[in-house]
Amino acid sequence: MKKRVAVTGMGIVSSVGCTIEKFWESIANGVSGVKSISQYNAGGLPVKIAGEVKDFSCNGNCEKLYKFNETLSIAYDRRTLFAISATEQALKDAGLNENLLADANLYLGAGEGQNCVELISKLLTPYINNENYCDEAKLFDSKYAGEFAIHDQMMEATIPASLIAKRYGICGEVMTSLTACAASSQAIGEAMLRVQNGECTVALAGGTHTMTAALDVIGFSKLSALSKCFDKPERASRPFDLNRNGFVLGEGAGMLILEEFEQAKKRGATIYAELIGYGASSDAYRVTDMHPEAIGAVAAIESALNSAGIQPKEIGYVNAHGTSTLENDRSETKALHKVFGKYASEIPVSSIKSMTGHAVAAAGVMEMIASILALSEQVLPPTINLETPDPECDLDYVPNFARAKNFDVALSNSFGFGGQNVALLVRKGEVNKFL
C-alpha cells in the first residue's frame, strides 16, 4: 500500500517576494517581478531585463561565509543563500524537530553557481599570458591556490544540497536533480516516491538557481530565446500571447517539507496539501525544443494521472510550464488537448512565469507552491500580459486577473531543456485558508 504524502511546510525566495505571504500576495494580484537588471551594468548586453530577487536578506540566519578551516573561508553564492533561506522558512513553518531531521532525505533541483565562475576568472587572470597560456605552477605556488580550488568546487550544482544537509544534520539520502527547467519538479517527485514507498517519513524537496548573470544572459540571447522588451520590462513575459517574443530569465529558490500523512497528523502538523501523482519522460528529440507533437509532455502528464488514479475530468487547474516562447506554449497547449480531450477547454490554465520570470531549476518548486496556495485559497493566479491570444493557444489561460474557483486537484507541468518532462499532481489539504 502506498503511503500518503503531506506537504507540511513551505519556503520561497523569488522575484515577487521572499516569503510565502509576499509571494502569494504578488501573484494573486498580477504583480510582475521583471525589472531592469540591477546586479551589474547590463548596458552592453543584448538583453537588459530579468526576474531578479530584490530585498533579499539573510536576517542573521544564513552565514555569508563558509569556513573550510582556520585560515580559509568563502562567501556563499546567491543560489546557496536562497536555498538556505527557503529551507529555514519551510522547516520553521513545518515545526520539525532535530530528531525527525536526522533521518530525513533531501532532494534539490539546482544548477551551477555563476557567482563562482566570475570569481574564478578573476583569480586566474594574473596567471594567463598573452598567448592564453595559464602558468599553473605559478598559480598553485601563489597564496591563492587554495582559494582557487575551493571556488572551483563550490561552483558545482551539488553544493547547495551538500551544505543544507551539513547545516541541518540530514543523514538520509541526499540527491541533486540536474534536469534544467524540470529539476525541482523532479526533486519533488522523487521525494514523494520515497515517502510513498516507506523509505523515509520526512523529505525536504525543492530547488534553487540564479540565471541572471551576464554569461546566462549572453548565452540565451545567442539562442534567440529571450524577450527584448526593455522599455516596459514588467510586460516582457507574456505566455500564450500572439505578440510574445521570448522568455525572461529569473532566479530564486523554494523548499517543501513532505511527510508521511499519518505521522504529520499525529504530531498536529498543518497539512497544506497532499502530493498524489508524479510522471516523468524524455522527448529524445532536441536539446532546445519540445517535440512538435508534445509526445514527452503527454507521456509525463498521463503517467502522473495514472500514478494518482485520477481521471482527466477531476483536474480543476493546470499550472503551466508556460515560458512565453512560441515552441513551448503551443506544444504545451497541444499536450493538454491530447490528454484532456473534450475537458481541455473547461480546465483553467495559467503561467506564473508571466510574473516571476523563468527561474529554471527553481521554477518547478515555485509553481508547485503557487498550485498549493491556489488550492488553499481557492483562487487561480493569472497569466498577466495576455492581451492578444495566439490562435494556436486556445485554452482558458486566466488572463490578467486572478479568479475564484472551487477545485480539489491541480496539475503542475515542467518541461526542461534536453527534453526532460515532469508532471506533478497535488490535492487540496486540510486547511481552508493559508493566509
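In the block above lies the structure referred to throughout.
Residues numbered from 1 in each chain as written. Predicted model: local features only at pLDDT ≥ 70, side-chain atom pairs only at ≥ 80, totals over all residues. Heavy atoms only, no water.

Caption draft 1: Just the layout of surface pockets, in detail. By volume, the largest pocket is sized at about 560 Å³. Taken together, 39 residues form the lining of the largest pocket, with C181, F220, F247, T288 and F417 sitting closest to its centre. Counting residues per element, the ones that place at least two in the lining of the largest pocket are α12 (326-340), β15 (409-416) and β16 (420-428). Broken down by element, the lining of the largest pocket gets its largest block of residues, three residues, from α12. Broken down by class, the residue content of the lining of the largest pocket amounts to 16 nonpolar, 17 polar and six charged. (1 Å grid on protein atoms, 1.4 Å probe; cavity = no way out; pocket = protein on both sides within 12 Å on 5 of 7 lines; lining within 4 Å. Points joined across faces, edges and corners; volume = space filled by probe spheres on them. Helix = DSSP H or I, 4+ residues; strand = E, 2+ residues; numbered from the N terminus. Nonpolar A, V, L, I, M, F, W, Y, C, P; charged D, E, K, R; others polar.)

Caption draft 2: Highlighting α12. Over its 15 residues, α12 runs 21 Å from end to end, which matches the ideal 21 Å to within 8%, given 1.5 Å per residue. Regarding α12, the residues found buried are N328, D329, S331, E332, T333, A335, L336, V339 and F340. For α12, the elements touching its buried residues are α11 (295-308), β11 (317-319), β12 (349-350) and β15. Within two residues after α12, G341 carries a phi angle of roughly 55 degrees, on the positive side. (Expected span 1.5 Å × (residues − 1). Buried < 20%, exposed > 50% of the residue type's maximum accessible area, 1.4 Å probe, protein only. Contact = heavy atoms within 4.5 Å.)

Caption draft 3: Here's a closer look at the sheet that holds strand β1 (residues 5-13). Taken together, the ten strands give an open sheet; going across it, the order is β7-β6-β8-β9-β1-β10-β16-β15-β11-β12, and neighbouring strands pair in mixed fashion. Edge strands, defined here as strands with exactly one partner in the open sheet, are β7 (174-177) and β12. Contacts between α11 and the sheet are confined to β10 (273-282), β15 and β16, with β10 contributing the most and set at about 145 degrees to the helix. On top of the sheet, α12 reaches β11, β12 and β15; it is set at about 135 degrees to β15, its chief contact. (Pairing = 2+ DSSP bridges. Axes fitted to C-alpha atoms, helices over the stretch in contact; angles between N-to-C directions.)

Caption draft 4: Region of interest: the environment of L411. Structurally, the position occupied by L411 is in strand β15. Classification of L411 by relative accessible area gives buried; the value is 1%. Along the primary structure L411 and A102 are separated by 309 residues, whereas in three dimensions their C-alpha atoms are 31 Å apart.

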